[in-house]
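# Secondary and tertiary structure notes
Listed below are the residues making up each chain.
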Amino acid sequence: MSVFGEQLQERLNTLLGKRLASGLTLTGWRFDLHETEDLEVGVKNNKIGGPYTAPGLKQESSGEICLHWEDEKYTIARIERRVLEDFQAHLELWEKTAYKDPYGPELVKPYEPPAVPLAHEGATAILNGEFTPAFTYLAEGLEIMTGYGINKVDGRVKISRDRRLVANSEGLWVAYEQTPVQIYLGGDDLFGDVFAEKRLPDQEEFTGLAAYAGRTVRELKKRATLPREGEMAVILTPSVFEAFLEHYLLSNLSGRLVANRQSAFAAQDFQEAKKVFREDLTISVDGTRPYRYSSYRCTGEGVPTGRADLVREGRLVTPVLTLKYAKKLGMEPTAIPVAGGYGLVIDLPQRESFDGFLGELEEGLIVYSVLGLHTQDYSAGKFSLVADQSLLVRKGQIQGKVETVIAGDFWQVLASEDTVFLDYPREETPAVCFRAHVAQ
Amino acid sequence: MTRSLRVDAYDETVEAAVAMGRREQVGFILRIQEKKELLFNLNNGETEEIATTSLRGMGIQVCTPEGYTGFASSDRIDPSTVTELFQQALKLAKRVEAMKGEANKALFSAPPNNRRVVVPLKYPYGSCSLAEIEERLVKLNKSLALDPRLSVRTVHRLVDEEWRVVRHDGTDTAFMTPRSFIYNTFTARENGKTATTYCNLPGTDLSILLEPAETAKLYKRSVRAARMALDLLHAGTVKSGSYKLVIDYALAKVLAHEAFGHAAETDEMESSILGENGRLRRGMEVASPIVSIIDGPVEGDYAYQPVSANGIDRQTVYIVRDGILEAGLADLFSAEAAGVPVTGAGRAESYQHLPLARMSNIRIQVKDPWPIEEEFEEITPEKLYEIMLRTGLMKEGEEVYYLSGFKGGQVNSAEGNFVFNCAGIYLLGPEPRLYQPAIFSGKVLSALRAVRAGLGPLKIDAMGTCGKMAQGVPSSGGSHYFLVLDKNPGIMLGGEGR
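Given the structure is predicted, the values throughout are model-derived calculations rather than measurements. Residues take numbers from 1 onward in each chain, read along the sequence in its written order. All chains are assigned letters beginning with A, and all ligands numbers beginning with 1, in the order in which they are written. The predicted nature of this model means local features are confined to residues of pLDDT at least 70 and side-chain atom pairs, given and counted, to a pLDDT of 80 or more, with totals for whole chains, interfaces and linings taken over all residues.

## Focus on the overall build of chain A
- Check the secondary structure of chain A and you find 11 helices and 20 strands.
- Using C-alpha atoms as the atom set, the radius of gyration is obtained and then compared with a globule rule of 2.2 Å times the number of residues to the power 0.38. A compact globule built from 440 residues would reach a C-alpha radius of gyration of about 22 Å, and chain A, at 24 Å, matches this within 12%.
- Across its three principal directions, the C-alpha atoms of chain A cover 75 × 55 × 35 Å.
- Looking at chain A as a whole, 52% of its 440 residues qualify as buried. Helix and strand definitions follow DSSP, with helices as H or I runs of at least four residues and strands as E runs of at least two, each counted in order from the N terminus. Exposure classification rests on a simple neighbour count of other C-beta atoms within 10 Å of a residue's own: a residue reaching 20 or more is buried, one at 12 or fewer is exposed, and one in between is partly exposed. C-beta atoms are placed from the backbone.

## Let's talk about the pairing of strand E20 (residues 417-421) of chain B
All names here are of chain B.
- By the criterion of burial, E20 is predominantly enclosed, with 5 of the 5 residues buried.
- By the alternation rule, side chains of E20 split into Asn-417, Val-419 and Asn-421 and Phe-418 and Phe-420, which are all buried.
- Note that strand E19 (residues 409-412) and E20 share 4 bridges and pair antiparallel. Note that in E20 the partner of Asn-412 across the bridge is Asn-417.
- Between E19 and the antiparallel strand that follows it, E20, lie 4 residues; Gly-416 among them carries a positive phi value of about 80 degrees.
- Bridge count between E20 and strand E23 (residues 439-443): 5 bridges; the pairing is antiparallel. Counterpart to Val-419 in the pairing with E23 is Ser-441. DSSP calls a pair of strands paired once it identifies at least 2 bridges connecting them.

## Topic: the packing of helix H4 (residues 132-146) of chain A against helix H5 (residues 203-220) of chain A
All names here are of chain A.
- Between N-to-C directions, angles span 0 to 180 degrees; the directions come from axes that are lines fitted to C-alpha atoms, helices contributing only their stretch in contact. Interhelical geometry of H4 versus H5 gives an angle of 40 degrees and a closest axis separation of 9 Å. Relative to H5, the element H4 is oriented oblique. Seen along the crossing, H4 lies across H5 with a hand that is right-handed. For the pair H4 and H5, contact is made by Tyr-137, Gly-141, Ile-144 and Met-145 and by Phe-206, Thr-207, Ala-210, Ala-211, Ala-213 and Gly-214, respectively.
- Amino acid classes used here: Ala, Val, Leu, Ile, Met, Phe, Trp, Tyr, Cys and Pro are nonpolar; Asp, Glu, Lys and Arg are charged; the rest, including Gly, are polar. Grouping the amino acids of the contact of H4 with H5 by side-chain chemistry returns 7 nonpolar, 3 polar and no charged. Each angle receives one of four descriptions, namely roughly parallel if under 35 degrees, roughly antiparallel if over 145, roughly perpendicular if within 65 to 115, and oblique otherwise. For any helix crossing, the convention is left-handed if the near helix is rotated counterclockwise from the far helix by under a right angle, and right-handed if that rotation is clockwise. By the convention adopted here, residues are in contact when the distance between their C-beta atoms, placed from the backbone, does not exceed 7 Å.

## A word on the interface of chain A and chain B
- With 56 residues of chain A in contact, the opposing surface of chain B contributes 66 residues.
- The dominant element in the side of chain A that touches chain B, judged by the number of residues it contributes, is strand E3 (residues 56-69) of chain A, at 7 residues.
- A breakdown of the residues in the side of chain A that touches chain B according to their chemical character gives 23 nonpolar, 18 polar and 15 charged.
- Where E3(A) lies against strand E3 (residues 69-74) of chain B, 3 bridges are found, and the strand directions are parallel. Among the inter-strand pairings, A:Lys58 is bridged to a residue of E3(B), identified as B:Ser73.

## Here's the deal with the packing of helix H1 (residues 11-24) of chain B against helix H2 (residues 79-98) of chain B
Residue and element names in this part refer to chain B.
- At their nearest, the axes of H1 and H2 sit 8 Å apart, and the two run at 35 degrees to each other. Crossing of H1 over H2 shows right-handed handedness. Of the residues in H2, those in contact with Glu-12, Thr-13, Ala-16, Ala-17, Met-20 and Glu-24 of H1 are Pro-79, Val-82, Thr-83, Phe-86 and Leu-90.
- Tallied by class, the residues present in the contact of H1 with H2 amount to 7 nonpolar, 2 polar and 2 charged.

## A short note on the sheet that holds E20(B)
All names here are of chain B.
- Read from one edge to the other, the open sheet built from 4 strands follows the order E19-E20-E23-E26, with strand pairing classed as antiparallel. In this open sheet, the two strands that pair with only one neighbour each are E19 and strand E26 (491-493). Mean inter-strand twist for the sheet, computed between neighbouring axes without regard to direction, equals 10 degrees.
- Running at roughly 155 degrees to E20, helix H6 (residues 249-261) makes contact with E19 and E20 of the sheet.

## Here we look at the domain arrangement of chain B
All names here are of chain B.
- An automatic or database domain assignment provides the domain bounds reported here. Split into domains, chain B comes out as domain 1 (6-232) and domain 2 (244-493).
- For domain 1 and domain 2, the distance between their C-alpha centroids amounts to 23 Å.
- Contact residues are listed per partner, giving 39 residues for domain 1 and 30 residues for domain 2.
- Of all the secondary-structure elements, those providing two or more residues to the side of domain 1 that touches domain 2 are strand E1 (27-43), strand E2 (46-63), E3, strand E5 (150-167), strand E6 (172-176), strand E7 (179-190), strand E8 (193-203) and helix H5 (212-232).
- In terms of residue count, H5 provides more of the side of domain 1 that touches domain 2 than any other element does, 7 residues in total.
- For the side of domain 1 that touches domain 2, the per-class residue count stands at 17 nonpolar, 14 polar and 8 charged.

## Description of helix H6 (residues 238-252) of chain A
Residues and elements named next belong to chain A.
- Take the residue count of a helix, subtract one, and multiply by 1.5 Å to get its expected span. Look at H6: 20 Å from first C-alpha to last across 15 residues, which is about the 21 Å you get at 1.5 Å a residue.
- What the bend at a residue measures is the angle between two axes, fitted to the seven residues ending there and to the seven starting there. The principal kink in H6, of about 35 degrees, is found at Glu-246.
- Judged by how many residues are buried, H6 sits mostly within the fold: 12 of 15 residues are covered.
- Within H6, the full set of buried residues consists of Pro-238, Val-240, Phe-241, Glu-242, Phe-244, Leu-245, Glu-246, His-247, Tyr-248, Leu-249, Leu-250 and Asn-252.

## Considerations on the domain arrangement of chain A
Residue and element names in this part refer to chain A.
- Looking at chain A, the domain boundaries give domain 1 (2-100), domain 2 (121-220), domain 3 (230-244 + 350-439) and domain 4 (266-347).
- Between the C-alpha centres of domain 1 and domain 2 there is a distance of 28 Å.
- On the domain 2 side, the residues contacting the 27 residues of domain 1 number 27 residues.
- Of all the elements in the fold, those that place two or more residues in the side of domain 1 that touches domain 2 are helix H1 (2-13) and strand E1 (26-44).
- Element by element, the count of residues in the side of domain 1 that touches domain 2 is highest for E1, at 17 residues.
- Across the side of domain 1 that touches domain 2, the residue classes break down as 9 nonpolar, 11 polar and 7 charged.

## Points about H1(A)
Residue and element names in this part refer to chain A.
- The first and last C-alpha atoms of H1 sit 16 Å apart over 12 residues, in line with the 16 Å expected at 1.5 Å per residue.
- The complete set of buried residues in H1 reads Gly-5, Leu-8 and Leu-12. Within H1, the buried residues cover an arc of 70 degrees as seen down the axis, which keeps them to one side. The exposed residues of H1 that point more than 90 degrees off its buried face are Val-3, Glu-10 and Asn-13.
- Looking at the packing, one finds that the buried side of H1 touches E1 and strand E6 (153-168). Summarising the geometry, the arc corresponds to the directions from the helix axis toward the C-beta atoms.

## Notes on the environment of B:Gly67
- Here B:Gly67 is to be found in the loop between E2 and E3.
- Along the chain, B:Gly67 and B:Asp313 lie 246 residues apart, while their C-alpha atoms are 22 Å from each other.

Structure (structure tokens):
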């Protein structure tokens, strides 16, 4: 990566301050380059590595370049390896695609970002050719899940090495390596769960993943009947809650949408620290945690990682801001959430135990999957969804699977004092319980 | 058809792959992709971003004589890299064999293909200055600021993409998959309430921006969507339940694609509601006898792909003919197990991906549709009500809801559940009343059996991106302007009890 980066830096630096044939003068540049290698292999219908899940090794060098020209003009381009082979042709295209942007950001000054450990030796060894563990995860997962009576096991292991370089003409040069790992196991087309970190799972974590997926599928294979339609307790499991947070909260916290009046929240709402949710709820991004999937050292623009509260004690703090939208809104840029709702940190002074709560629950649903979340109007906060994989609970006992339509208002869920946040086994994100309308 | 393509430049790489195949005595599919892309993003009259993308690379799928598969890809395209990738893929295939993984020898039964498809484009990538494109988009975006409560976002994407697919058996096919769209998003805000609507115009080149007839069509769609966003600020909600429904062709495309097309893809036949013991249930009655469902490439269409990612010509397939399940969307590797012929349905997002059985343009066709002379964009809910009365498809005072526009959908093919959302709902009547969008959900087969009539000619330009197995490929389709669905307990509108 450093060779590619150094050569690109050299080519760009020779252009700095020069007036080009198009009349443009380059005043600065930045780029974010990734040299990635992936090993991916899957299991489909209990069989490892068929034509759809064959083991694959992938290599790619790509990234984004941003050129700063005189007169508030900018160029943004996604680039790949051959940019150096054909630099003049690319440069001519970049000149043609320069556009004026009064809110175009300044370049970040050089600094040393936090040294967050993100590259795991075990993952690196696999990508260096010791492929066995990737296959072993699938073989073990298959064995554990079939032990729960699962007929059809599907799964996928993806292990990556990303050598990243973020640099600019001010002298910023941040190079680091990270190893994202994703392991998915699912059964009988009913339910699946994912491990995603920048390291390999330990044995307990892996066994826990397979056992949770197997147990849940087993429960979902038992059928029950919804006793009535109407309002009842609905528990969103952490992965479903994260999907809701991503669709509703993160969409509306997008700096671009706030600045362009396309969010449920106005810029003024942040300036006034408007109270929108219950006052014990704090929602943050934190890119500094070692080996976490959502961690990184700096953004593609060079903004350092860090922890940022987006909502503090129920009040709006800041949208998620890149340099441009920070400038447009007159605020500071923020750390960026990676991996959607999974990358958010939910802080609450009190969480109840999931198992304890379930034992006391008179009647309710545990929702493991919903269909159609992406079709909902993120700006309105309302939802009406098919909960295709849900378990009915009565008098503290799981009865079996029901298919329902759930409807409610996610803003009210986050605002209501009656909403209960639950510590869920193996998960950092809580499950959330609230009352919603449930129909067949 | 002799025009050169960019992917023609890789003959040496192709020869190196063929030589490797001979030396190792294994089969292979080599996919070479070249893509250039332009993206414009405008908000409220200002250009927010113009971005270009350049992508090229190759992926090689190697298959041993015993049927074990390995894959490797790189963004370098040259003879030494293809040799290296070949060895890596073969090593991985042997690893699968050692683990007694899945074997599939279908690659060795495919007929060779040397088809070459160059799509004629009136305004291809590079035919218009970027400054002119930007100027036209800014003008369009500004012209849609119809009300101070509205925020308007315009996205324009133009993709110039070429593929070359080569196999050990002498297959060497090259084709273009050009595409473009303009997508407008309208967010209306008032007193803390918000509503968002969308509209788009897809195509294959810059005609969508440069041809007056196309821009006029987009403008009409946009004004309609913008007004709906404003009206939704004051709209109520529909009481959930089963109703007689009218859906427009965009929603019908989602019904065809999400609710039915995925279930007909043969690589998921083990768990599809249209399969039994892994085989397609041909001859099964799945829809009203007036309904046919067809998928196939249409030149000039947003999702056009004439040749599969496995190098096999893509066929136009009657999945359902007159209500009876007739064929599957079958790629090379799953057709035999599903008991159907290969239809060339394999598609891949990029050279880095293994192809899956996918749709292209899928449409619902109804026998003896009621004619409509006007353009779709001219049919207001008031006019639709008049047409429904005139054709006897509804009576005065009957409760019929018209679902307008679409916001995507999702399906569980294994259980046959679907969910779609529309942009807005009208209760048809002399003065149609607008309601908030609500999901349209239910059982796939219930929906298809409920189709009672089609209104107007076929309109198949509803666009989308299909995200099966986390691979995004363009999709499109439609139906007659409108489909009328009888009230059916298996189809539900809304989820609220009010």
